[in-house]
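A structural walkthrough
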Amino acid sequence: MDSSGINVVVAVNNTTRTDGGWLRLAHTPAHVLDLLHIVGLDDIIPLYPTLNGALTAPSVT
């Protein structure tokens with residue numbers, strides 16, 4: 001993932017929140033997790049080790 005990928009993740013997160021939804025990432029590869037941490041997106045977008053964990057997590061408003 002490079003800056004283009006980061007921009008897509010930010011845009012999707014912004015669009016989903018504007019539309020009343022949410023974005024959660026699940027089963028994210030370690031190198032992508034590292035990048036999300038470096039740019040601070042791990043503080044904005046919830047990350048989960050499994051899809052089930054992401055789907056069953058309580059909604060945060």
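Note that the structure is a prediction, hence the values are computed from the model and not measured.

A short note on helix H1 (residues 3–18)
If you check H1, its first and last C-alpha atoms are 22 Å apart, about what 16 residues at 1.5 Å a residue would give, namely 22 Å. Turning to H1, its buried residues are Gly5, Ile6, Val9 and Asn13. For H1, the buried positions fall inside an angular range of 105° around the axis, keeping them on one side. In H1, the exposed positions angled more than 90 degrees off the buried face are occupied by Ser3, Asn7, Val8 and Thr18. Following H1 by one or two positions, Gly20 adopts a phi angle in the positive range, close to 85°.

Things to note about the nonpolar core
Core analysis: the largest hydrophobic core is formed by eight residues, namely Ile6, Val9, Leu23, Leu25, Val32, Leu36, Leu41 and Ile45. Those elements that provide at least two residues to this core are H1 and helix H2 (30–39). Ignoring anything within four residues of it in the chain, the contact list for Leu41 reads Ile6, Val9, Val10 and Leu36.

About the thresholds
- Residues numbered from 1 in each chain as written.
- Predicted model: local features only at pLDDT ≥ 70, side-chain atom pairs only at ≥ 80, totals over all residues.
- Heavy atoms only, no water.
- Helix = DSSP H or I, 4+ residues; strand = E, 2+ residues; numbered from the N terminus.
- Expected span 1.5 Å × (residues − 1).
- Buried < 20%, exposed > 50% of the residue type's maximum accessible area, 1.4 Å probe, protein only.
- Arc of directions from axis to C-beta.
- Core = buried A, V, L, I, M, F, W, Y, C linked by side-chain atoms within 4.5 Å.
- Contact = heavy atoms within 4.5 Å.

Read these as geometric descriptors, not functional statements.
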